[in-house]
2 protein chains.
Amino acid sequence: MPVRLDARDPGFEAAFTTLLGGKRESAQDVNDTVAAILDDVRRRGDAAVLEYTARFDRLTLEPQGLRVSLGEIDTAVATVDPDVRDALALAADRIASFHGRQVPQGFSYTDQAGVRLGQRWTPVSAVGLYVPGGTAAYPSSVLMNAVPAKVAGVERVVMVVPTPGGVLNPLVLVAARMAGVDEIYRIGGAQAVGALAYGTATIAPVDKIVGPGNAYVAAAKRQVFGTVGIDMIAGPSEILVVADASNDPDWIAMDLLSQAEHDAAAQSILITDDEAFADAVERAVAIQLASLSRVDIASASWRDHGAVIVVGDLLADAPALVDRVAPEHLELAVTDPDALAERVKHAGAIFLGRHTPEAIGDYVAGPNHVLPTSRTARFSSGLGVLDFMKRTTLVGCSPGALGALGRAAVRLAQAEGLEAHGLSVATRLNIPRF
Amino acid sequence: MPVRLDARDPGFEAAFTTLLGGKRESAQDVNDTVAAILDDVRRRGDAAVLEYTARFDRLTLEPQGLRVSLGEIDTAVATVDPDVRDALALAADRIASFHGRQVPQGFSYTDQAGVRLGQRWTPVSAVGLYVPGGTAAYPSSVLMNAVPAKVAGVERVVMVVPTPGGVLNPLVLVAARMAGVDEIYRIGGAQAVGALAYGTATIAPVDKIVGPGNAYVAAAKRQVFGTVGIDMIAGPSEILVVADASNDPDWIAMDLLSQAEHDAAAQSILITDDEAFADAVERAVAIQLASLSRVDIASASWRDHGAVIVVGDLLADAPALVDRVAPEHLELAVTDPDALAERVKHAGAIFLGRHTPEAIGDYVAGPNHVLPTSRTARFSSGLGVLDFMKRTTLVGCSPGALGALGRAAVRLAQAEGLEAHGLSVATRLNIPRF
């Protein structure tokens, strides 16, 4: 049974704080193992990658077999159900369209002191995309990671995907082709992260690595951070649904379950202003749960991490609770979702109204489904075009502009005891040595 | 002596690669010590912070003495040389003005399928700013970290600064007041990072921690990452100067030395197209070096990490080398710096022309001086307003819009084996259970 809380109870604050503090991840300590693999890949390159692939993926390859050929991709495209291919194409188009609006503009201007100032955005040159193998090989994730990189202007997008026993989901290849992925290698685990970060004879190094993975992949990404950039390390998924009593309890129940089925560590929370509606949703969850193929996962998630919170007034009381949860996904199943959305500060993505189930955002809405989990929406954002670009600032002083600003710079350099800093300005202005 | 390379030599590629791969940091392993301190602060709060402050800063305090009072700040303001105060105020104004241009705009639109889509930017609610004590307590860094946070709209900016033996640089307090810092605590080290991340009875927790620090502070920031956001972990500073023979060798020498004086691990590189000019700069460095107060630091940096690279043609040959270095600071002391700047992809900040010494950007130009080091400009940016904000995406479907997109979402959910995802859409469309 999920936790049931009432915001009007005296014990609410303590119980809500406990809910927020609940650990949903068991950190597996794989750091030493990963460090050894990374070091080996850095020193021995392809040879090490091939050995680990043989050991962990039961796949014996030569260096020239690491890369997935164009022929293999053609074959995959041909085998895929045209309906699914069309759905993927629709998703790719809509993701590209939304992310196109995220492309930032630089600026440049000359200020009153005559200083030229500016800021310029440029894409990262090469990006590696980790795609998990097996059941977690989601073509939608390939699109969500690769399309924004290409929209940003990344020249070289390199995908790695482990193929345990040689098996590869053809939909992943189809999605990669649609997204414009440039190279695909059939490797995974820490060895793939190492190959992307350090490069091998076969695989040129990249500048940034993104994409989800297991504990080994996450640890490897943390360890190569600095040598390359990485995206966030995602925790288990979560949804917070704010719903009034006018909703169909079955709809809301299914929305809660759509997170719960991801992972036993996923979290689904309902905030409502109606006790009877809360009861109805809980009954609907219990009934629907039983018929799901992923019943074990969804049951464990709902039982261990689910929560139903009843408040006095949704518009007045929900936003503050939402901000403290800072949910990855926030669904506002109310009559005026915009009024509620305006009062919320911290959420990865907001789904407005009764006809916007969160799952629409997982696939085809257009915004990214890679979103901040575990309360990190307080300080971070979903994946987007900006994650594949970086800023360079520009300053240009004429002799006159340097004259206008120089003395202040010299003063501050003196105050900080950085003599050469001051002299580099003073010498150009013929200010005497200080 | 710095390394001298000639891009036209057959051995250049190997030597340049060695230069790029050179390690300038000796990673001190302080992780276990830091983990113990963080754990203690998390469990015991103020009591732990006070004990570590007594031990490491030789300062015995009561909880109510942790916070720097308004009276102390007033006193500091009164003691500071008005000239330096004016210079700081000029810097604060210019930093605020430049960063004001970085404030991003959200967007919202309804697409052809009738889906409402949008993206919204909101500030992080509370930010902690670490300021090192002693000689590294730079008021300019306080401005560069705190002003962008306030421009972003951060409500609560909390500064921590250790005061070994009770000593505090009044300029740091003046800068904090100018930048609009809301709270200042006289604590430092891992214990201060822990207090900001977890909160204590006296210090409410923040959502993100920024600012430079020693190895303990850097390790603490890494360890609390996830609980709070952090900025980049900066490495030693570096400059790459591209200069033709028309420059005054003394000016260029001082620019190289202004990085070298920061830290024995700092790196200064000159790229020029003229062997005789290269010789002249090296002679000028040797002469000027001797007269600097930080001669030991600057000499070690120039000797161990300095490099002079001669190329055939600056416009043709320099950009590719610059991109491989991806320097924190790039100074283009040439007649047409814009032409060269346009060909460069990777640099933290670019200084255009002979009258724009890098030091002007450290203090008063306006752009941020917290910049990506150690080749990380390939994938990351200097500190800015965006570091204190986060994006929320919004999606709203009408019944008709859900009808237009829903089947594709159901298809993809089926293909990925996520049944409840598909059902949350299908149930709203009366599509039969699949």
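Chains are numbered independently. Their residues run from 1 in the order of the written sequence. Chains carry letters from A onward and ligands carry numbers from 1 onward, assigned in written order. Under the rules for a predicted model, residues below a pLDDT of 70 receive no local features and side-chain atom pairs below 80 are neither given nor counted, while totals for whole chains, interfaces and linings still include all residues. Water and hydrogen atoms play no part in the side-chain values, which are based on all heavy atoms of the structure.

### A closer look at helix H7 (residues 170–179) of chain A
Where burial is concerned, most of H7 of chain A is hidden: seven out of the ten residues are buried. Buried residues are those whose accessible area, probed at 1.4 Å on protein chains only, stays under 20% of the maximum for their type, while exposed residues exceed 50% and partly exposed ones sit between those limits. Helix and strand assignments come from DSSP, with helices taken as H or I runs of at least 4 residues and strands as E runs of at least 2, each series counted from the N terminus. Along H7 of chain A, the positions that sit buried rather than exposed are Leu171, Val172, Leu173, Val174, Ala175, Ala176 and Ala179 of chain A. The inward-facing, buried residues of H7 of chain A abut helix H4 (70–79), helix H5 (82–100), helix H6 (139–152), strand S5 (156–160) and strand S6 (183–185) of chain A together with helix H16 (399–415) of chain B. The opening residue of H7 of chain A, the one whose side-chain oxygen lies 2.9 Å from the backbone nitrogen of Leu171 of chain A, is Asn169 of chain A. Of the residues one or two after H7 of chain A, Gly180 of chain A is the one with positive phi, at around 85°. Pairs of residues are marked as contacts when any of their non-hydrogen atoms sit within 4.5 Å. For this analysis, a polar contact is any N or O atom pair within 3.5 Å, provided that within protein one partner can donate a hydrogen and the other can accept it, and provided that sequence-adjacent residues contribute only side-chain to side-chain pairs.

### Section: the UniProt feature "binding site: NAD(+)" (unreviewed entry) in chain A
Residues and elements named next belong to chain A. UniProt positions are given in the numbering used here, feature names are shortened, and annotations may be inferred rather than shown by experiment. As recorded in UniProt, the feature "binding site: NAD(+)" (unreviewed entry) lies at Tyr130, Gln191 and Asn214. Spatially, the listed residues are clustered: although they cover 85 residues, their C-alpha atoms lie within 12.9 Å of one another. Note on placement: Gln191 falls in helix H8 (residues 189–198). What makes Gln191 buried here is its relative accessible area of 2%. Residues within four places of Gln191 in sequence aside, it is in contact with Ile37, Val41, Val49, Tyr52, Thr53 and Phe56. Here Asn214 lies in the loop between strand S7 (208–210) and helix H9 (215–224). Overall, Asn214 belongs to the partly exposed group, its relative accessible area being 46%. Engagement of the side chain of Asn214 in a polar contact is seen with the backbone nitrogen of Tyr216, the distance being 3.0 Å.

### Examining the sheet that holds strand S8 (residues 229–230) of chain B
Two pairing modes exist for strands in a sheet, parallel and antiparallel, and in both the strands are linked by backbone hydrogen bonds. Residue and element names in this part refer to chain B. One bridge is not enough; two strands pair if DSSP finds at least two bridges between them. Spatial ordering of the open sheet is given by S6-S5-S4-S7-S8, a layout of five strands whose pairing is parallel. In the strand order of this sheet, the two ends are held by strand S6 (183–185) and S8, each with one partner. Where strand S5 (residues 156–160) lies against S6, three bridges are found, and the strand directions are parallel. Bridging across to S6, Val160 finds its partner in Tyr185. The axes are straight lines fitted to the C-alpha atoms, using for helices just the contacting stretch, and the angles between their N-to-C directions are given from 0 to 180°. Packing of helix H6 (residues 139–152) onto the sheet brings it into contact with strand S4 (126–130), S5 and strand S7 (208–210), and relative to S5 it is tilted by some 165°. Sheet strands in contact with helix H8 (residues 189–198) are S4, S5 and S7, and its direction is about 175° off that of S4.

### Quick notes on the interface of chain B and chain A
With 118 residues of chain B at the interface, the matching set in chain A holds 118 residues. Take the accessible area each of two parts loses on contact, using a 1.4 Å probe, and add the two losses: that sum is the buried area. Summed over both partners, the interface of chain B with chain A buries about 10200 Å², with 56% contributed by carbon and sulfur atoms. The term salt bridge refers to a side-chain nitrogen of Lys or Arg lying within 4 Å of a carboxyl oxygen of Asp or Glu. With its nearest N and O atoms 2.8 Å apart, the salt bridge here joins Arg116 of chain A to Asp338 of chain B. Take the side of chain B that touches chain A: its biggest share by element is ten residues, from H16 of chain B.

### Notes on the domain arrangement of chain A
The assigned domain composition of chain A is domain 1 (3–22 + 235–379), domain 2 (45–230) and domain 3 (397–429). Source of the domain bounds: an automatic or database domain assignment. Using only C-alpha atoms to locate each centre, domain 1 of chain A and domain 3 of chain A end up separated by 56 Å.

### Notes on the pairing of strand S14 (residues 389–396) of chain B
Within S14 of chain B, eight of the eight residues are buried, leaving the element largely enclosed by the surrounding structure. Neither face of S14 of chain B is exposed, since Met389, Arg391, Thr393 and Val395 of chain B on one face and Lys390, Thr392, Leu394 and Gly396 of chain B on the opposite face are all buried. Summarising the sheet, strand S13 (residues 349–352) of chain A and S14 of chain B pair through four bridges and their orientation is parallel. Looking at the pairing, Phe351 of chain A lines up with Val395 of chain B of S14 of chain B. Of the strand pairs in this sheet, strand S3 (residues 116–123) of chain B and S14 of chain B are connected by eight bridges, and their pairing is antiparallel.

### Notes on the relation of the copies chain B and chain A
Copies are brought into register by a least-squares superposition over C-alpha atoms of residues with pLDDT of at least 70 in both. For the pair chain B and chain A, the superposition axis carries a translation of 0.0 Å, the fit reaches an RMSD of 0.0 Å, and the rotation angle comes to 180°. The two molecules are tied by a two-fold rotation axis, judged by turn and shift. Using C-alpha coordinates, one finds that chain B approaches the rotation axis most closely at Pro104 of chain B, a distance of 4.3 Å. When the interface residues of chain B are mapped onto chain A, 100% of them are again interface residues, pointing to one common binding face.

### Side note on the packing of aromatic side chains
Within 6.5 Å between ring centres, the rings of Phe, Tyr and Trp (the latter by its six-membered ring) count as paired, and their orientation is classed by plane angle as stacked under 30 degrees, edge-to-face over 60, tilted in between. Within the structure shown, the criterion is met by eight aromatic pairs over all chains. Judged by centre distance (6.0 Å) and plane angle (10°), the ring pair of Tyr52 of chain B and Phe56 of chain B falls under stacked. Highlighted residues: Tyr52 of chain B and Phe56 of chain B, both in helix H3 (residues 46–57), separated by four residues, approximately one helical turn. Aromatic ring contacts, followed pair by pair, group Phe98 of chain A together with Phe107 and Tyr109 of chain B into a single cluster. The ring of Tyr198 of chain B has Arg42 of chain B lying over it, and the distance from NZ or CZ to the ring centre is 5.5 Å. Charges are assigned to positions over rings by a cutoff of 6 Å between ring centre and Lys NZ or Arg CZ, combined with an angular limit of 35 degrees from the ring normal.

### Quick word on the UniProt feature "binding site: Zn(2+)" (unreviewed entry) in chain A
Residue and element names in this part refer to chain A. Look at the UniProt record and you will see "binding site: Zn(2+)" (unreviewed entry) annotated at Gln259, His262, Asp362 and His421. Of the residues just listed, which span 163 residues, the most distant C-alpha pair is 55.3 Å apart, and they do not cluster in one region. The residue Gln259 is located in helix H10 (residues 249–260) in this model. Looking at Gln259, the relative accessible area reads 0%, which means it is buried. Those residues in contact with Gln259 that sit more than four places away from it in its chain are Ser237, Glu238, Ile239, Ala266, Gln267, Ser268, His329 and Glu358. Structurally, His262 is set in the loop between H10 and strand S10 (267–272).

### Let's talk about the pattern of salt bridges
Evaluated as defined, the whole model comprises 50 salt bridges over all chains. Its salt-bridge partner being Asp304 of chain A, residue Arg303 of chain A comes within 2.9 Å of it at the nearest N-O pair. The partly exposed category is assigned to Asp304 of chain A, whose relative accessible area is 45%. When the shortest N-O distance is used, the salt bridge between Lys150 of chain B and Asp182 of chain B registers 2.8 Å. Here Asp182 of chain B lies in the loop between helix H7 (170–179) and S6 and Lys150 of chain B lies in helix H6, a separation of 32 residues in the sequence. Taking the relative accessible area as the measure of exposure, Asp182 of chain B reaches 33% and is therefore partly exposed. Here the residues in one salt-bridge network are Asp39, Asp40, Arg42, Arg43, Arg44 and Glu51 of chain A, joined through shared partners.

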